[in-house]
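A structural walkthrough
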Amino acid sequence: AGVADGQQIRLRGQGEPGVAGGPAGDLYLQVALKPHRRFEGEGRNVILHLPIAPWEAALGGKVDVPTLSGRIRLTIPPGSSSGKRFRLKGRGLPGKTPGDQYVILKVVVPEATTDRQKALYAELAEASAFEPRRDLDAER
């Protein structure tokens, strides 16, 4: 437990036999962690990109989040955007000092496939004064 990607492990006396009947040498193993389909590694820390719906980002709520040791409930504050990071202390890779897990929000916008869904998006656009590109036009 606690071995890290790129770490070298020495197994004393487990290598090739020595010359002229001498003692066996040491065997060195280079550790390479296999990529995971859900988690990314960053030293002892793990990163999870968590997809959330636009209404979860806007209104906030509680969502289940996978960790290496099981699922937890994470509170998403209202007004959260893609890229917001949450730190789950000690939920990373084990070791003398365990790593942390970072959850990075990724707002996923559902496609408007019905007339009703398109109408709701249009109604939201009309009711909102939100301008996502306002900083692009700001004079500097």
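Small disclaimer: the values here were computed from a predicted structure and weren't measured.

As a further point, take the layout of surface pockets. A probe matching the size of a water molecule, rolled over the atoms, marks out where space remains unfilled. In this structure, the largest pocket spans a volume of roughly 730 Å³. Along its surface, the largest pocket is lined by 19 residues, and Pro54, Trp55, Ala58, Tyr121 and Leu124 are the ones closest to its centre. When contributions to the lining of the largest pocket are tallied by element, the ones reaching two or more residues are α1 (54-59) and α2 (115-127). No other element matches the 5 residues that α2 contributes to the lining of the largest pocket. Partitioning the lining of the largest pocket into residue classes produces 13 nonpolar, 5 polar and 1 charged. By volume, the second largest pocket amounts to about 310 Å³. Lining the second largest pocket are 14 residues; nearest its centre among them are Leu33, Lys34, Glu40, Gly41 and Leu93. If one sorts the elements of the lining of the second largest pocket by residue count, strand β3 (residues 39-42) sits on top with 4 residues. Across the lining of the second largest pocket, the residue classes tally to 7 nonpolar, 3 polar and 4 charged.

On the surface, Leu11, Leu27 and Leu29 cluster together into a nonpolar patch covering about 200 Å² of accessible area. Inspection of the secondary structure puts Leu27 in strand β2 (residues 27-30). Residue class for Leu27 comes out partly exposed when judged on its relative accessible area of 32%.

The 4 strands lie next to each other as β3-β4-β8-β7, forming an open sheet whose pairing is mixed. The two strands at the open ends of the sheet, each matched to only one other strand, are β3 and β7 (85-88). With direction set aside, neighbouring strand axes in the sheet form an average angle of 30°. Two elements, β3 and strand β4 (residues 45-52), share 4 bridges in a ladder whose sense is antiparallel. Its bridge partner being in β4, Phe39 is matched across the sheet by Leu48.

What follows concerns unusual backbone geometry. Excluding glycine, a negative phi dihedral is what most residues carry, and trans is how most peptide bonds are arranged. Even without being glycine, Ala20 reaches a positive phi, approximately 55°. Mapping Ala20 onto the fold places it in the loop between β1 (8-11) and β2.

Given a rise of 1.5 Å per residue, 13 residues ought to cover 18 Å, and the 18 Å separating the end C-alpha atoms of α2 matches this to within 8%. For α2, the buried fraction is low: 0 of the 13 residues fall into the buried class.

Moving on to the nonpolar core. Ranked by size, the top nonpolar core spans 14 residues in total, and within it Leu50, Val65, Leu74, Ile76 and Val103 carry the most contacts. Contributions of two or more residues to this core are made by β4, β5 (61-67), β6 (70-76), β7 and β8 (101-107). The residues contacting Ile76, other than those within four sequence positions of it, are Ile52, Glu56, Gly60, Gly61, Val63, Phe86 and Leu105.

On to the packing of aromatic side chains, then. Across all of its chains, the model carries 0 aromatic pairs by this definition. One residue, Lys84, lies across the ring of Phe86, its end atom 5.4 Å from the ring centre.

As paired elements, β5 and β6 share 7 bridges and run antiparallel to each other. For Asp64, the partnering residue across the bridge sits in β6 and is Arg73. With antiparallel pairing between neighbouring strands as the criterion, β5 and β6 make up a hairpin whose turn holds 2 residues.

About the cut-offs
Residues numbered from 1 in each chain as written. Predicted model: local features only at pLDDT ≥ 70, side-chain atom pairs only at ≥ 80, totals over all residues. Heavy atoms only, no water. 1 Å grid on protein atoms, 1.4 Å probe; cavity = no way out; pocket = protein on both sides within 12 Å on 5 of 7 lines; lining within 4 Å. Points joined across faces, edges and corners; volume = space filled by probe spheres on them. Helix = DSSP H or I, 4+ residues; strand = E, 2+ residues; numbered from the N terminus. Nonpolar A, V, L, I, M, F, W, Y, C, P; charged D, E, K, R; others polar. Patch = residues over 30% accessible without salt bridge, like charges linked within 9 Å, V, L, I, M, F, W, Y side chains within 5 Å. Areas by Shrake-Rupley, 256 points an atom, 1.4 Å probe, with all protein chains shown as cover. Salt bridge = Lys/Arg side-chain N within 4 Å of Asp/Glu carboxyl O. Buried < 20%, exposed > 50% of the residue type's maximum accessible area, 1.4 Å probe, protein only. Pairing = 2+ DSSP bridges. Axes fitted to C-alpha atoms, helices over the stretch in contact; angles between N-to-C directions. Expected span 1.5 Å × (residues − 1). Core = buried A, V, L, I, M, F, W, Y, C linked by side-chain atoms within 4.5 Å. Contact = heavy atoms within 4.5 Å. Phe/Tyr/Trp six-rings, centres within 6.5 Å; stacked < 30°, edge-to-face > 60°. Lys NZ or Arg CZ within 6 Å of the ring centre and 35° of its normal.

Function-wise, these values are silent; they only describe arrangement.
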